[in-house]
Amino acid sequence: MAEETENENNLVPAHDRVVKINIEDQMKSAYIDYSMSVIVSRALPDARDGFKPVHRRVLYGMEELGVNSGKPYKKSARIVGDVLGKYHPHGDSSVYEAMVRMAQSWSMRYPLVDGQGNYGSLDGDPPAAMRYTEARLRKIAEEMLSDIKKDTVDFQLNFDDSLEEPSVLPTRVPNLLVNGASGIAVGMATNMAPHNLTEVIGGIAAYIDNRDIEIPELMQYIKGPDFPTGGIIYGFNGVREAFETGRGRVVMRAKAEIETTKSGREIIIVTEIPYLVNKADMIKRTVDLINDKKIEGISEIRDESTRDVRIIYEIKRDANANVVLNNLYKHTSLQSSFSVNNIALVKGRPMLMNLKDMIHEFVEHRHDVVVRRTKFELAEAEKRAHILEGYLIALDHLDEVIKLIRSSDTPEDARVGLMERFGLSDIQARAILDMTLRRLTGLERDKIKEEYAELMKTIEYLKEVLADEGLRMKIIKDELLEIQEKYGDERRSIIVHSAEDMTMEDFVDDEEIVITISHNSYVKRTPLSEYKRQGRGGKGAIGSNTRDEDFTEHIITATAHNYMLLFTETGRCFWLRAFEIPEGSRTSRGRALQNIINIPKDEKIKAYILVKNLKDQEYLENNFIIMCTKQGTIKKTSLEAYSRPRANGINAININEGDQLIEACLTSGSSEIVMALRSGRAIRFNESTVRPMGRTATGVRGITLDTTTDEVVGMISVDNSELSVLVVSEKGYGKRTDIEDYRITNRGGKGVKTINVTEKTGELVAIKGVTDNDDLMIINKSGIVIRIGVDSLRVMGRATQGVRLITLKETDEIASITKVAREEEEEEGEESDVDADATSETKDAEDSATDETE
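All figures in this text were calculated on a predicted structure; none of them were measured in a lab.

**Quick notes on the environment of D357**
Tracing the chain through its elements places D357 in helix α13 (residues 355–396). The partly exposed category is assigned to D357, whose relative accessible area is 25%. It is 9.8 Å that separates the C-alpha atoms of D357 and E244, two residues lying 113 residues apart in sequence.

**Topic: the nonpolar core**
Most often, soluble globular proteins have nonpolar side chains that are buried together. Membership of the largest hydrophobic core comes to 82 residues, with the highest contact counts inside it found for L59, M62, M99, L112 and I359. If sequence neighbours within four positions are ignored, M99 has contacts with V58, M62, S76, I79, V113, Y119 and A135.

**Considering the side chain of N175**
The topology assignment puts N175 in helix α7 (residues 175–179). Take N175: its relative accessible area is 2%, and that puts it in the buried class. For N175, the side chain forms a polar contact with the main-chain oxygen of G50, separated by 3.4 Å.

**Overview of the packing of aromatic side chains**
The description of an aromatic ring pair uses the distance of the two centres, along with the angle that the planes make with each other. Counted by the stated rule, this structure contains 7 aromatic pairs. An aromatic cluster of three or more residues is present, and its members are Y60, Y87 and F155. It is R589 that lies over the ring of Y522; its NZ or CZ is 3.7 Å from the centre.

**Some points on the sheet that holds strand β10 (residues 255–260)**
Read from one edge of the open sheet, 4 strands run β10-β11-β13-β12, paired in antiparallel fashion. Whereas interior strands pair on both sides, the edge strands pair on one side only; in this sheet they are β10 and β12 (298–303). With strand direction ignored, the average angle separating the axes of adjacent strands in the sheet is 20 degrees. As paired elements, β12 and strand β13 (residues 311–315) share 5 bridges and run antiparallel to each other. Counterpart to E300 in the pairing with β13 is E314. Contacting β12 and β13, helix α11 (residues 279–291) runs over the sheet at an angle of about 165 degrees to β12.

**A word on helix α12 (residues 321–331)**
Extensive coverage of α12 is indicated by the burial of 8 of its 11 residues. Listing the buried residues of α12 in full gives A321, V323, V324, L325, N326, N327, L328 and Y329.

**Here we look at the pattern of salt bridges**
The tally for this structure, following the rule as stated, stands at 47 salt bridges. Across the pair R48 and D46 runs a salt bridge, and its minimum N-O distance is 2.9 Å. Linking R678 and E730 is a salt bridge whose minimum nitrogen-to-oxygen distance equals 3.0 Å. Of this pair, R678 sits in the loop between β30 (672–677) and β31 (681–686) while E730 sits in the loop between β34 (724–729) and β35 (733–738); the two residues are 52 residues apart in sequence, bridging distant segments of the chain. In the salt-bridge network here, residues are joined through shared partners; they are D147, K150, R172, R366, R373, E377 and E479.

**Describing unusual backbone geometry**
It is generally the case that most residues other than glycine have a negative phi and that most peptide bonds are trans. Not every positive phi belongs to a glycine, and D147 is a case in point at roughly 70 degrees. Following the sequence through the fold, D147 ends up in the loop between α6 (139–145) and β4 (155–157). The backbone of K293 shows a phi angle near 65 degrees, a positive value even though the residue is not glycine. Along the chain, K293 falls in the loop between α11 and β12. Note on K293: relative accessible area 62%, which makes it exposed.

**Observations regarding helix α4 (residues 76–86)**
Looking at α4, one finds that the buried residues are S76, I79, V80, D82 and V83. The buried side chains of α4 occupy one side of the element, clustering within an arc of 160 degrees when seen end-on. Looking at the buried residues of α4, the elements they touch are α3 (53–65), β1 (74–75), α5 (92–103) and β3 (134–137).

**A word on a negative patch on the surface**
Taken together, the side chains of E460, E464, D468 and E469 make up a negatively charged region of the molecular surface. Its location among the elements puts E464 in helix α17 (residues 442–467).

Parameters at a glance
- Residues numbered from 1 in each chain as written.
- Predicted model: local features only at pLDDT ≥ 70, side-chain atom pairs only at ≥ 80, totals over all residues.
- Heavy atoms only, no water.
- Helix = DSSP H or I, 4+ residues; strand = E, 2+ residues; numbered from the N terminus.
- Buried < 20%, exposed > 50% of the residue type's maximum accessible area, 1.4 Å probe, protein only.
- Core = buried A, V, L, I, M, F, W, Y, C linked by side-chain atoms within 4.5 Å.
- Contact = heavy atoms within 4.5 Å.
- Polar contact = N/O pair within 3.5 Å; in protein donor to acceptor, adjacent residues only side chain to side chain.
- Phe/Tyr/Trp six-rings, centres within 6.5 Å; stacked < 30°, edge-to-face > 60°.
- Lys NZ or Arg CZ within 6 Å of the ring centre and 35° of its normal.
- Pairing = 2+ DSSP bridges.
- Axes fitted to C-alpha atoms, helices over the stretch in contact; angles between N-to-C directions.
- Salt bridge = Lys/Arg side-chain N within 4 Å of Asp/Glu carboxyl O.
- Arc of directions from axis to C-beta.
- Patch = residues over 30% accessible without salt bridge, like charges linked within 9 Å, V, L, I, M, F, W, Y side chains within 5 Å.
- Areas by Shrake-Rupley, 256 points an atom, 1.4 Å probe, with all protein chains shown as cover.
- Lys, Arg positive; Asp, Glu negative; His and termini not counted.
- Charge placed at Lys NZ, Arg CZ, Asp CG, Glu CD.

Shape is all these values report; function is a separate question.
As structure tokens, then:
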């Protein structure tokens, strides 16, 4: 009785049972199940055919529905409904969006669906509803489904176990590589770039020929991603990294050309944009940046795109199109990046794959398909051969067979009789009974014999294929080459191999500029065009305002991208890019050099060298810097020693006490050196007589000073005999002398007279090497600047006093001179206050006086 009561108490209804479990364990288990479902059955592509389940189901559903490339289009809603009802039990939008993407030529490198109707646009416009659009398979998609009926892949039950669907497609096209994939799973994501079919098949063929091929060798065939929208792949390092590791950042740029309109305005024409960039959003963002003054120089943007992209950026007259384009690349989606992350399912597990891994998985899949297809075809051929053998036996005993069939009461008796009398199988006997009378004619009998002979050859070949892996690989390769022949095309994305990261100089126009450095180390840059050419003897135009008795000491002509090596009087070297110098007007003071580079306040810049490139090793090793000091010391050092800029500078030369650096120049190692003294003497000797030394050396004697008050005022290097020597005295006199008037001597001598120093001329202040194609820029201590043509100065002898170059006030003196390149269109200085007629008599008198002096 007690036992009965216990049983009754245990009979609790099922809905009242409560199983107590740990919520943490339950959530872990449920989330892992969910994440694995997303990873395996939704977000990641299979490494074999490159498809996610939804894409595979869409293509298979279209194949089953019969919408092949040669058939009429069917409504998209019909296709989506079929796929939903049979294979993909999710929202209709997921199926339709997947199908739409496979039809968009800007989304897929090789579209798989042939869409009719509005399928969206590059501007992000949505496609029309599925009830309006139509679709069918493209031929290349049919290649991915070929042989699917030949037991080439495994089939699995659909969601309600009522139908079967393929677990993978037997694709002949390496879809994972050519079309790429993207997807976000749980805890992982994939982003695979599309590639060119012709290149990919070339790489796969090379892999089949040599299984040990390395990735760098594969990259000779597969150059890099090939995006459907074209554009430029800017930089190769990201591509190489992606191929070698499976991860990398590929920088993409729009394809842009700069043209000049009939009105003389420059325009930028963009004809290809980076992959996955929304064109309309990009243009809107650019307009916002222009309005916010973050991008300057653009007057108008027009989108003239039809089927092809064409965006016009009109450039303002005072802007440089190259600089504007670089700023567009920097600030807008005209330059974007594609982060490669090659994660795909290998045997149901997510795996990060490099280029060789992806090719390997595809080849293994194709090998499996070819084996299974061959086995299927062999079985079918053997079945047919078995029936044909029965036919041949029947035809050999035709009268007896007919007699047996006629004498049989039922078809079953006839079948059994045939099997017993001729030793036929059940299949053969049934085939003979089903045979039509026309097969008994002589012609049909010959056909059966021919078919059997052909079939035996086919069976022999198929058995050979199954026995020989090399033959199977040849079949795979031949089929791939056939695909290449049918669907291969030219590369769309251009690869720029030598690209580097964007640097500041890409955003600065490489224009000609004048850099001025004042006595108190104030510096500025001014466009060269601001200084207009004048006649000899003019009073000049104001060059800069003087403050606190400061005056311009150095005038340097350069281009904005040049490197400047600045040498101080104490022998230290500093680096500065020309575009890093603040821009100022011709009359502005500039900015203190100490605020731009870390130069000590008590040091002054005495020399400069312009260098175009500090990264070309051959250039660095074959060029030298020659420095000279006020007391006549000269030193030669390889440019390579100065190729590693440091913020705090380096020691360029060891300076003796009481001495200071006054000049430095860049030479090729085979130049001649001319050094000039304040007393009016100069020496010329071969550079080869000065051996190269280290940065910290002191140097050797270049010229001997006669008196303790004398000093070196300058040095030039001579590379050609066309150069003439220009000397200028402190009171505005100067002249040109042929270089050959200075005989070559040994270094260390006292030199020869280079100008006749008188009280009228004053002592020598500068020496320059010039030609007729140069202009001369002279500045005095009061800040007046004049620019004259060197060709207006005729060549004179060494001992003359020269001609007046600039009219000076009594207390004024020349501070600095420099030579500048001749402009193509020379202008007379409108700002000059000189009267050429008033000074002509003075100049003629001075010219005749100097001739008599010699």
